[in-house]
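Single-letter residue listing:
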Amino acid sequence: MKKLLQVDFSFNGPFGEDMSTGLKELAESINHEPGFIWKIWTENEKEQEAGGIYLFEDESSAKSYLEMHTARLKQFGIEEVHAKIFDVNALLTEVNKGYHA
């Protein structure tokens, strides 16, 4: 069953185009993670937060990625990472054009 991973954390930037430029290699590397399907990058400059919404093939892939990503964020000086893993209701998600299972 597909799993959605929601991650957010305090972030001082960069945001917008600077984030896109500065984190492009990181974004490309995520495409090679086991079980990874897609990611939506999230940012809120006003609240100084960033994160992402990810879709993985299964729970073990989502958990493995979260463990690795949390460790990477700590190396960047981000101490507190908020994360949740959800089941995806594929039938309703398809109704709302979320993805095709």
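These numbers were taken from a predicted model, which means no experiment stands behind them.

A.B. asks: It is not clear to me how the pattern of salt bridges should be interpreted in this structure. Could you clarify?
C.D. replies: When the charged atoms of two side chains with opposite charge come close together, those side chains can pair. Scanning all chains against the criterion turns up five salt bridges. Between Glu-57 and Lys-2 there is a salt bridge whose closest N-O contact spans 3.5 Å. Residue Glu-57 is located in the loop between β3 (49–56) and α3 (59–75), and its partner Lys-2 is located in the segment before β1 (3–10); the two are separated by 55 residues in the primary sequence. Relative accessible area serves as the criterion here: at 40%, Glu-57 is assigned to the partly exposed category. Lys-2 gets classed as partly exposed once you look at its relative accessible area, which sits at 21%. Among the salt bridges present, the one from Lys-24 reaches Glu-28, with a minimum N-O distance of 2.8 Å. One end of the pair is Lys-24 and the other is Glu-28, both in helix α2 (residues 24–30) and four residues apart, which spans about a single turn. For Lys-24, a relative accessible area of 49% gives the class partly exposed. A single salt-bridge network, built from bridges that share partners, covers Lys-3, Glu-59, Lys-63 and Asp-87.

A.B. asks: Would you mind showing me how to read the packing of aromatic side chains here?
C.D. replies: Two measures describe an aromatic ring pair: the distance that separates the ring centres and the angle between the ring planes. Overall, the coordinates contain six aromatic pairs when judged by the stated rule. Note on Phe-36 and Phe-56: the rings are 6.0 Å apart at their centroids and 75° apart in plane angle, and the pair reads as edge-to-face. Taken as a pair, Phe-36 in strand β2 (residues 36–44) and Phe-56 in strand β3 lie far apart in primary sequence, 20 residues in all. The residues Phe-36 and Phe-56 share a single accessibility class, namely buried. Their ring planes at 40° and their centres at 5.5 Å tell us that Phe-56 and Tyr-65 sit as a pair that is tilted. Like Tyr-65, Phe-56 is buried. An aromatic cluster is defined as three or more aromatic residues linked by ring pairs; in this entry it consists of Phe-36, Tyr-54, Phe-56 and Tyr-65.

A.B. asks: Explain the environment of Gly-51 to me, please; I cannot follow it from the model alone.
C.D. replies: Among the structural elements, Gly-51 can be located in strand β3. Overall, Gly-51 belongs to the buried group, its relative accessible area being 4%. Gly-51 sits 43 residues away from Asp-8 along the chain, and the two C-alpha atoms are 4.1 Å apart. Beyond its immediate sequence surroundings of up to four residues, Gly-51 is in contact with Val-7, Asp-8, Phe-9, Lys-39, Ile-40, Trp-41 and Thr-42.

Cut-offs applied
- Along each chain, residues carry numbers from 1 onward, in the same order as the chain's sequence is written.
- Only residues with pLDDT of at least 70 get local features here, since the model is predicted, and only at 80 or more are side-chain atom pairs given and counted; chain-wide, interface and lining totals rely on the full set of residues.
- The basis for every side-chain value is the complete set of non-hydrogen atoms in the structure, without hydrogens or water.
- Think of a salt bridge as a Lys or Arg side-chain nitrogen and an Asp or Glu carboxyl oxygen that are within 4 Å of each other.
- Every helix listed is a DSSP run of H or I at least four residues long, and every strand listed is a run of E at least two residues long, numbered separately from the N terminus.
- Partly exposed residues are those whose accessible area sits between 20% and 50% of the maximum for their type, while under 20% is buried and over 50% is exposed, using a 1.4 Å probe and protein chains only.
- Side-chain rings of Phe, Tyr and Trp, where Trp is taken by its six-membered ring, are said to pair if the distance between their centres is within 6.5 Å; with planes under 30 degrees apart they count as stacked, over 60 as edge-to-face, and otherwise as tilted.
- The contact definition used throughout considers only heavy atoms, calling two residues in contact when any of these lie within 4.5 Å.

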